[in-house]
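# An overview of the molecular structure
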Amino acid sequence: MNHQAKKRYGQNFLRDKNLLKKIVRESDIEDKHVVEVGPGQGALTTFLALSAKDVIAFEIDESLKPILDEIKNEHQNLTILYQDFLETDLSLYDKELHVVANVPYYITTPILFKLLETPNVKTASLMIQKEVCDRLLATPNSKQYNALSIILQYYAQVNKMMDVKRHMFMPVPNVDSAVIRIVKREQPLIEKHKEALFLKLVKEAFRQKRKTLVNNWYEAFNVPKHEIEAFLIKFGYSPNIRAEALTKEDFILLTKEWKND
Ligand code: SAM
């Protein structure tokens, strides 16, 4: 069956069976409940269904149905739902879920946030743009370090599973890719009621990367600058420090001590 790949849905399909098997093997999904975002022509879906207990795949493009129906007929444990993944409520599935996906790159960040915010999603193996992967894994004082790297590393243990060259996809995209492995933390690193403050402190700290932490927080929280300076000094930080110099642990400490929320 012929399908014309749709750019607007980020359709770049995988073919290489060895690569697909490797992704599935390293995703540790045997006998687990798996969710796939964007099965496309079903290349990854087939291997997921062979390994997992069951698979629910969300595909936005209904024109792929004839191709996916053939795969579905071969796997009793596969359900395919034709809907926007971002509109789905995964918490309705009352079980622990493991996500494996070659994600549509135009919605990588909202997918990441959705997975982080859904408690019953326990792990995710995601093919993403290599550049995004490098940003997510960035360490302090590097150019790529940003709020999302800290937030992701707060919620989960994250590592790169493999690099994937662009010619592994059809059509060939103009970026290289990588598969990132996300394992959510069982225990929150901060008390639950302080998590929203942590997220705000991190996001606001990076709002304008060139500005100091004091200036970014002063604008966001409406606290006098000298109070923020004194707060930083009290915990051993320079009053001129920028967000990019702070580790996840620094933000956690400052969240616990912050009194102005
Ligand atoms: N899994 C297939 C593979 O590896 O060959 C296809 C991956 S392709 C990069 C991304 C897939 O996500 C496409 O099939 C696309 O139609 C689908 N998609 C795009 N936006 C989506 C959305 N909001 N919800 C669900 N699927 C979506």
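These remarks concern the structure in this document. By convention here, each chain's residues receive numbers from 1 onward along its written sequence. In keeping with the predicted nature of the model, local features appear solely for residues at pLDDT of at least 70, side-chain atom pairs appear and are counted solely at 80 or more, and the whole-chain, interface and lining totals rest on all residues. As a rule here, side-chain values cover all heavy atoms of the structure and leave hydrogens and water aside.

## Let's talk about the packing of aromatic side chains
Centres within 6.5 Å are what make two rings of Phe, Tyr or Trp a pair, Trp counting through its six-membered ring; a difference in plane orientation under 30 degrees is then read as stacked, over 60 as edge-to-face, and the rest as tilted. Summed over all chains, the structure comprises nine aromatic pairs. Here the aromatic rings of Tyr 154 and Tyr 155 are separated by 5.2 Å at their centres, their planes lie at 75°, and the arrangement is edge-to-face. Per-residue accessibility, obtained with a 1.4 Å probe over protein chains only, is compared with the maximum for each type, and a residue is labelled buried under 20%, exposed over 50%, and partly exposed between these values. Overall, the relative accessible area of 2% leaves Tyr 154 in the buried class. Among the aromatic residues, ring-to-ring pairing joins Trp 217, Phe 221, Phe 231, Phe 235 and Trp 258 into one connected group. Cation over ring: Lys 114 sits above Phe 85, and NZ or CZ is 5.7 Å from the ring centre. When the ring centre of Tyr 218 is taken as origin, the NZ or CZ atom of Lys 225, which lies over that ring, is 4.9 Å away. A ring is scored as having a charge over it whenever the NZ atom of a lysine or the CZ atom of an arginine sits within 6 Å of its centre and within 35 degrees of its normal.

## Describing a positive patch on the surface
Each patch is built from residues lacking any salt bridge and having more than 30% relative accessible area; the joining distance is 9 Å for like charges and 5 Å for nonpolar side chains (Val, Leu, Ile, Met, Phe, Trp, Tyr). Computed with the Shrake-Rupley method and a 1.4 Å probe, the accessible areas treat only the protein chains shown as cover for residues. Within this document, salt bridges are pairs made up of a side-chain nitrogen of Lys or Arg and a carboxyl oxygen of Asp or Glu, the two lying within 4 Å of each other. Only four residue types enter the charge count: Lys and Arg as positive, Asp and Glu as negative, with His and the chain ends excluded. Just so you know, the charge point we use is NZ for Lys, CZ for Arg, CG for Asp and CD for Glu. The grouping of Lys 17, Lys 21, Lys 22 and Arg 25 at the surface amounts to a positive patch. Note on conventions: DSSP H or I runs of at least 4 residues are helices, E runs of at least 2 residues are strands, and numbering of each starts at the N terminus. In this structure, Lys 17 sits in helix α1 (residues 17-26). The class for Lys 17 is exposed, based on a relative accessible area of 57%.

## Considering the sheet that holds strand β5 (residues 97-102)
Pairing is mixed in the open sheet, where seven strands are placed in the order β4-β3-β2-β5-β6-β9-β7. Only two strands of the sheet have a single partner each, and these edge strands are β4 (78-81) and β7 (156-164). Recorded for the sheet is a direction-independent mean angle of 20° between the axes of neighbouring strands. Residues are treated as being in contact if the distance between any of their heavy atoms lies within 4.5 Å. For helices, the fitted line uses only the C-alpha atoms of the stretch in contact; every axis is such a line through C-alpha atoms, and the angle between N-to-C directions lies from 0 to 180 degrees. Its contacts with the sheet put helix α4 (residues 108-117) on β2 (33-37), β5, β6 (121-129) and β9 (177-184), and the angle it makes with β6 is roughly 170°. At least two DSSP bridges between two strands are required for those strands to pair.

## What to know about the packing of helix α8 (residues 213-221) against helix α9 (residues 225-234)
Between α8 and α9, the least distance of the axes is 9 Å, while the angle of their chain directions is 130°. Judged by the angle between their axes, α8 and α9 are oblique. The two elements α8 and α9 meet at a crossing, and its hand is right-handed. Residues Leu 213, Val 214, Asn 215, Trp 217 and Tyr 218 of α8 pack against Lys 225, Ile 228, Glu 229, Phe 231 and Leu 232 of α9. Here the contact of α8 with α9 is built from residues that sort into seven nonpolar, one polar and two charged. Angles are sorted into four bins: roughly parallel if under 35 degrees, roughly antiparallel if over 145, roughly perpendicular if 65 to 115, and oblique for all others. Crossing handedness is read from the near helix: turned anticlockwise from the far helix by less than a right angle, it gives a left-handed crossing, and turned clockwise, a right-handed one. Amino acids outside the nonpolar list (Ala, Val, Leu, Ile, Met, Phe, Trp, Tyr, Cys, Pro) and the charged list (Asp, Glu, Lys, Arg) are all regarded as polar, and Gly is one of them.

## Thoughts on the pairing of β6
With respect to burial, β6 is a largely interior element, seven of its nine residues being buried. Pairing geometry for β5 and β6, over six bridges, is parallel. Paired with Asn 102 across the two strands is Met 127, which belongs to β6. Note: β6 against β9, seven bridges, orientation antiparallel.

## Some remarks on the pattern of salt bridges
All chains considered together, the criterion is met by 14 salt bridges. The partner of Asp 69 in a salt bridge is Lys 65, with the nearest N and O atoms 3.1 Å apart. With Asp 69 and Lys 65 both in helix α3 (residues 65-74) and four residues apart, the pair spans about one turn of that helix. In this structure Asp 69 comes out as partly exposed when scored by relative accessible area, which is 27%. Ionic pairing is found between Lys 248 and Glu 249, a salt bridge with its closest N-O pair at 3.1 Å. Classification of Lys 248 as buried rests on a relative accessible area of 15%. Connected through salt bridges with shared partners, the residues Lys 130, Asp 134, Lys 160 and Asp 163 form a single ionic network.

## A few points about the environment of Ala 147
Relative to the helices and strands, Ala 147 is located in helix α6 (residues 147-155). With 48 residues separating them along the chain, Ala 147 and Val 99 place their C-alpha atoms 23 Å apart. Residues within four places of Ala 147 in sequence aside, it is in contact with Val 202, Lys 203 and Phe 206.

## What to know about the nonpolar core
To form a nonpolar core, buried Ala, Val, Leu, Ile, Met, Phe, Trp, Tyr and Cys residues must be joined to one another through side-chain atoms within 4.5 Å. In this structure, Leu 126, Trp 217 and Phe 251 are the most contacted members of the largest nonpolar core, which totals 88 residues. It is α6 that contributes the most residues to this core, seven residues altogether. The split of the chain into domains comes from an automatic or database domain assignment. Both domains that meet at this core, namely domain 1 (7-184) and domain 2 (192-257), each give it at least three residues.

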